[in-house]
Amino acid sequence: MTRYRLLLPLLLALTILWGIISPSHAQTVPPQTSPLLEPVVLQLKWQHQFQFAGYYMAVAKGYYQSAGLDVKIIPATPGSDPAQAVIDGTADFGIGTSELLLMRAKGAPVVALAPIFQHSPFVLLTLSGRNLDTLDSLVGKTLMAEEQAAELWAYMVNEGIPLNRINRVPHAFTVAPLLSGEVAAMTAYVSDEPYDLRKLGIPFTLLTPRSGGIDFYGDTLFTTEQQISQHPQRVKAFIEASLRGWRDALDNPDAAIDLIEARYPSIKDRDHLRYEAEQLRRLIMPEIIEIGHNNPGRWQHILNSYRSLGLIPADQDVDLSAFLYTPSRNTPLPAWVNWTALSAAAVILLLVVLLMRTTSLARQIREREQHLRLLTDTMIDVVWSADASLVYTYCSPSVEKLTGRQAHALLGHSVFGNLPPSSRTRAEQAIARARIQAQTTVQKTGAPTTEDVWLELEAHTLYGATVQTEVSARLTFDANGTLQGMHGITRDISERHALRLELEKLATTDPLTSAANRRAFAEALEREINCSVRSGQPVTLILLDLDHFKQVNDHWGHPAGDVVLCAIARQLQNAVRSVDMVARLGGEEFAILLENTPLKDANELAERLRQGIIATPVLLETGETLHISASFGVAQHSPCETGNNLYARADHALYHAKSSGRNCVCHA
């Protein structure tokens with residue numbers, strides 16, 4: 001009975017296949033008889049510049065003409081809406097931002113064909129030296145903003161910045177208001193305004209949404225549903241020719257710049273066009289991601305960001321499958337396909353028996369997959385996968401226990417999104433090293449390879465706290481050394497991390513006074529001397545010993561002596577800078593290691609400490625007070641001197657203070 005259930009659908013499929021390739025169907029496809037090129041209009045989003053170099057190259061190299069297209073490229077004019085021109089039919093294709101998704105949600109029949117920029121060039125630009133280098137510093141300030149900058153608002157919302165506290169004014173498309181102080185910050189392209197400031201020699205700060213986990217596409221080639229339904233072959237041919245032009249423009253940027261200067265006059269000079277080409281290449285990432293790659297997970301991330309801004313209602317259903325372009329499956333088949341399809345049908349019949357025999361094996365595989373999925377979903381560690389863009393494609397439910405975030409909410413987001421800056425930098429550096437190692441391996445073997453990465457990283461939780469994690473990941477590369485994806489396991493090591501910190505503290509801290517111990521002091525002394533040799537800045541050592549301390553222990557007891565030692569340690573720590581070290585070397589002897597402090601200043605500090613100790617009696621638990629004094633020895637590090645020698649000189653000065661009647665300061 002099982003065999004019949006498999007054969008009937010197969011025979012039906014063969015019948016349909018024969019209907020498709022039969023002569024009667026082939027006759028319904030009109031032959032291409034006209035040798036004339038089809039006129040096509042491409043509407044740019046701005047004036048001529050390297051931002052559109054791929055389309056210029058496709059025209060110049062004849063790629064559009066070979067595809068049967070006569071393409072006219074129209075630059076944008078101030079105040080015009082390029083997207084509306086495509087919707088109205090004035091243009092056939094256009095270049096838009098990720099806000100195309102907003103238009104789709106509002107009912108516009110736009111379709112995203114090919115994102116050219118894998119990362120948006122949009123940034124916030126401020127001048128250095130004005131204390132405006134963080135998003136928080138922009139609250140209450142004036143921001144010059146252009147239209148279609150929703151990703152920047154999503155960046156602010158994601159970082160907890162209230163948009164109603166930002167005073168937005170229209171963009172003047174010049175850095176003049178920023179230089180004059182009329183505005184505190186402005187929206188900008190990394191390929192434009194930073195060049196002007198570099199040329200003027202003015203330092204600046206860029207605040208990029210990617211640092212906050214907001215990663216939108218940049219320039220995206222788009223058209224309308226009507227264009228795709230009426231001219232499917234034209235759309236497909238236009239995309240292929242355009243992407244081919246972009247590959248040429250990125251491989252030969254100087255040739256593209258020559259073309260722009262010759263045929264597409266730009267307001268930018270050649271140096272600016274070259275700078276623009278370098279910046280845009282980093283956004284397009286042709287070495288890592290195929291130009292024009294449409295990632296549904298990235299678009300889902302963009303959709304979620306718009307919902308967080310309130311630009312798209314949370315309960316509104318947006319069909320991404322209709323928004324993202326899929327080449328038509330109704331393209332007429334060439335005549336040679338008829339005989340090929342018949343041969344394939346015969347092969348399919350022969351494979352039916354094999355298919356029936358493998359059904360049981362397939363069922364077993366599915367059961368094993370379900371079992372593995374159950375194990376993954378119930379384990380404590382977080383199992384995850386990411387694509388070539390390092391965007392999550394899978395995350396096990398255990399991530400909610402670790403970070404408070406649900407697994408599905410991470411899909412489409414960068415793996416770096418919830419890492420603090422220091423951890424993100426270390427993760428990016430580790431992956432960069434893995435890429436370099438993979439390139440080396442591929443050059444030697446010519447085969448695909450993998451690289452393993454192990455890191456301890458701090459991660460943000462949904463509740464504003466952080467958690468210490470251990471990440472073990474494997475990166476896979478193809479035979480060209482191009483990253484294909486990454487799979488990993490993240491484990492909570494907060495308890496282990498806290499225990500390690502506690503052990504490190506115990507190993508370097510005096511348990512009685514909480515000052516540094518002798519071991520920590522010795523390590524710091526050598527470290528500071530090495531820094532002094534490199535920088536030329538002085539390092540000074542103060543040794544002090546409490547006078548007649550044995551009498552305290554003998555008369556009031558060791559508990560009273562402990563109270564005295566703790567009180568002196570606190571007094572010393574409160575009197576020095578955070579960069580200096582106070583250490584208890586043993587018994588009643590203390591050391592103070594002073595960074596970048598000449599001998600004169602160290603002597604003055606020692607004298608202040610001596611007077612402070614005398615003027616501050618120690619209160620015992622019995623209510624009695626003890627008056628304590630101390631003797632001090634001071635020495636400054638000399639060139640080529642070892643730490644042991646510096647300590648010996650300070651100790652000799654201390655001995656001299658003791659032998660001179662105590663309660664005084666002597667220096668070597």
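See the structure printed just above.
Residues numbered from 1 in each chain as written. Predicted model: local features only at pLDDT ≥ 70, side-chain atom pairs only at ≥ 80, totals over all residues. Heavy atoms only, no water.

Trainee: How should I be thinking about the environment of Ser638 in this particular structure?
Mentor: Along the polypeptide, Ser638 turns up in the loop between β21 (630–636) and α25 (643–659). Residues Ser638 and Val533, spaced 105 residues apart in sequence, show a C-alpha to C-alpha distance of 9.6 Å. (Helix = DSSP H or I, 4+ residues; strand = E, 2+ residues; numbered from the N terminus.)

Trainee: I'm lost on the packing of aromatic side chains in this one. Help?
Mentor: Any pair of aromatic rings gets described here by the distance separating the centres and the angle formed by the planes. Within the structure shown, the criterion is met by 13 aromatic pairs. When the ring of Tyr64 is compared with that of Phe238, the centres are 5.1 Å apart and the planes differ by 10 degrees; the resulting orientation is stacked. Highlighted residues: Tyr64 in helix α4 (residues 63–66) and Phe238 in helix α11 (residues 232–251), separated in sequence by 174 residues. We classify Tyr64 as buried; its relative accessible area is 2%. Residue class for Phe238 comes out buried when judged on its relative accessible area of 0%. Grouped by ring-pair contacts, the aromatic residues Tyr55, Phe117 and Trp246 constitute a single cluster. In this structure, Arg168 packs its charged tip against the face of Trp153, placed 4.4 Å from the ring centre. (Phe/Tyr/Trp six-rings, centres within 6.5 Å; stacked < 30°, edge-to-face > 60°. Buried < 20%, exposed > 50% of the residue type's maximum accessible area, 1.4 Å probe, protein only. Lys NZ or Arg CZ within 6 Å of the ring centre and 35° of its normal.)

Trainee: Explanation requested: the sheet that holds strand β16 (residues 539–546) in the structure shown.
Mentor: Sheet strands pair by backbone hydrogen bonding; their relative direction is either parallel or antiparallel. With mixed pairing, the five strands of this open sheet are ordered in space as β17-β18-β16-β21-β22. Either end of the sheet is taken by a strand with one partner, and the two such strands are β17 (581–586) and β22 (665–667). Ignoring strand direction, the axes of neighbouring strands in this sheet form an average angle of 20 degrees. With three bridges joining them, β21 and β22 adopt parallel strand pairing. Looking across to β22, one finds that Gly633 is bridged to Cys666. Contacts from helix α24 (residues 599–615) reach β16, β18 (589–595), β21 and β22 within the one sheet, and its direction differs from that of β21 by about 170 degrees. (Pairing = 2+ DSSP bridges. Axes fitted to C-alpha atoms, helices over the stretch in contact; angles between N-to-C directions. Contact = heavy atoms within 4.5 Å.)

Trainee: Mind showing me how you'd approach the environment of Thr597 here?
Mentor: By the secondary structure assignment, Thr597 is in the loop between β18 and α24. For the pair Thr597 and Leu541, spaced 56 residues apart in sequence, the C-alpha to C-alpha distance is 9.4 Å. The contact partners of Thr597, leaving out residues within four places of it in the chain, are Pro538, Val539, Thr540, Arg577, Ala602 and Gln636.

Trainee: Where do I start with the environment of Leu259 in this structure?
Mentor: Along the chain, the position of Leu259 falls in helix α12 (residues 253–263). As for Leu259 and Ala53, which are separated by 206 residues in sequence, their C-alpha atoms are 8.6 Å apart. Sequence-distant contacts of Leu259, defined by excluding residues within four places in its chain, comprise Tyr56, Met57, Ala60 and Tyr264.

Trainee: Explain the nonpolar core here, please?
Mentor: General note: in soluble globular proteins, nonpolar side chains tend to be found buried as a group. Counting residues in hydrophobic clusters, the biggest one holds 56 residues, and the most contacted among them are Leu42, Phe50, Tyr55, Leu113, Leu221, Phe238 and Trp246. A total of eight residues in this core trace back to one element, the largest contributor, which is α11. In this structure, Leu221 is in contact with Leu42, Tyr55, Phe93, Gly94, Ile95, Val111, Ala112, Leu113, Ala114, Phe238, Ile239 and Ser242, ignoring residues within four places of it in sequence. With 44 residues, the next largest nonpolar core counts Met103, Phe122, Leu135 and Leu303 among its residues. (Core = buried A, V, L, I, M, F, W, Y, C linked by side-chain atoms within 4.5 Å.)

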